[in-house]
Amino acid sequence: MRLSIVAIGRLKDGPERELYQRYAKRIDEAGRGVALGPLTLAEFPEARQSSAKQRQADEAQRLIGAAEGADLMVALDERGKTFGSEAFARWLGAQRDEGRRTVAFLIGGADGHGEAVSDRVALKISLGPMTLPHGLARIVLAEQLYRAATILAGHPYHRA
């Protein structure tokens, strides 16, 4: 099952991008044995409209457009469902086992997701109650996707 992160904002070259790429490569390697991966990233600039509602609507359309081919869209949202790492791995494995070919994780801009995203996604998940910069959220999500692949593979990376 292919994994995709579709995000507003761009990771700057340097340590953040390198760390993201490290986990993306690890997912590609570890995920092969459990039919997860590769992980792709699509990044879009923040909208420039004057109101938050207009920015949300513009960004929502771009996120949905980029994720259109996914079998399942998931939004990262501070009010979403929280998972422990093992529960997230089980959920991801269940999506794979149900025959989903692609899961797209949508990360909105600074104003949050527009209504169009909320209307289209099957699930909203939260990485926790703290607010994270969106670049860091990408890295945390990539690490958790890698962790899920290792849990499903029985690899000792995750120690409960």
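Parameters and conventions
- Residues numbered from 1 in each chain as written.
- Predicted model: local features only at pLDDT ≥ 70, side-chain atom pairs only at ≥ 80, totals over all residues.
- Heavy atoms only, no water.
- Helix = DSSP H or I, 4+ residues; strand = E, 2+ residues; numbered from the N terminus.
- Buried < 20%, exposed > 50% of the residue type's maximum accessible area, 1.4 Å probe, protein only.
- Core = buried A, V, L, I, M, F, W, Y, C linked by side-chain atoms within 4.5 Å.
- Contact = heavy atoms within 4.5 Å.
- Pairing = 2+ DSSP bridges.
- Axes fitted to C-alpha atoms, helices over the stretch in contact; angles between N-to-C directions.
- Expected span 1.5 Å × (residues − 1).
- Arc of directions from axis to C-beta.
- Right-handed = clockwise from strand over helix to strand, strands pointing away.

**Thoughts on unusual backbone geometry**
Following Gly-37, the chain continues into Pro-38 via a peptide bond in cis, with omega recorded as 5°. The residue Pro-38 is located in the loop between helix H1 (15-31) and strand E2 (39-44) in this model. You will see that Ala-35, though not glycine, has its phi angle at about 60°, which is positive. Ala-35 sits in the partly exposed class, given a relative accessible area of 39%.

**Let's talk about the nonpolar core**
Core analysis: the biggest nonpolar cluster contains 30 residues, and Leu-3, Leu-39, Leu-92, Phe-105 and Leu-145 have the highest contact counts within it. Broken down by secondary-structure element, the contributors of at least two residues to this core are strand E1 (2-8), H1, strand E3 (72-82), helix H3 (85-97), strand E4 (102-107) and helix H5 (134-153). Counting residues per element, this core draws most heavily on H5, at seven residues. The contacts of Leu-92, once residues within four sequence positions are left out, are Met-1, Leu-3, Leu-36, Phe-105, Leu-145 and Ala-148. Ala-60, Met-73, Ala-75 and Leu-106 belong to the second largest nonpolar core, which has 13 residues in total.

**A word on the sheet that holds E4**
Backbone-to-backbone hydrogen bonds join strands into a sheet, with any given pair of strands oriented parallel or antiparallel. One open sheet holds the five strands; their spatial order is E2-E1-E4-E3-E5, and the pairing between them is parallel. Looking along the sheet, the strands with just one partner apiece sit at the ends: E2 and strand E5 (123-126). When strand polarity is set aside, the average angle formed by the axes of neighbouring strands in this sheet is 30°. Sheet analysis places E1 next to E4, joined by six bridges and oriented parallel. For Val-6, the partnering residue across the bridge sits in E4 and is Leu-106.

**Examining H1**
In this model, H1 (17 residues) spans 24 Å end to end at C-alpha, consistent with the 24 Å of a helix rising 1.5 Å per residue. Among the residues of H1, those classed as buried are Arg-17, Tyr-20, Tyr-23, Ala-24, Ile-27 and Gly-31. Down the axis of H1, the buried side of the element spans an arc of 130°, and every buried residue falls inside it. Facing away from the buried side of H1 by over 90 degrees, the exposed positions are Pro-15, Glu-18 and Lys-25. As for H1, its buried residues are in contact with E1, E2 and H5.

**Here's the deal with the pairing of E4**
Counting buried positions along E4 gives six out of six residues, so the element sits mostly inside the fold. Side chains Thr-102, Ala-104 and Leu-106 of E4 all project onto a buried face; the interleaved residues Val-103, Phe-105 and Ile-107 project onto the opposite face, where all are buried too. Where E3 meets E4, four bridges bridge the pair, whose relative direction is parallel. Across the sheet, Val-74 pairs through a bridge with Phe-105, a residue of E4. In this fold, E3 hands off to H3, which returns the chain to E4; that crossover is right-handed.

Without other data, these values stay purely geometric and don't point to any function.
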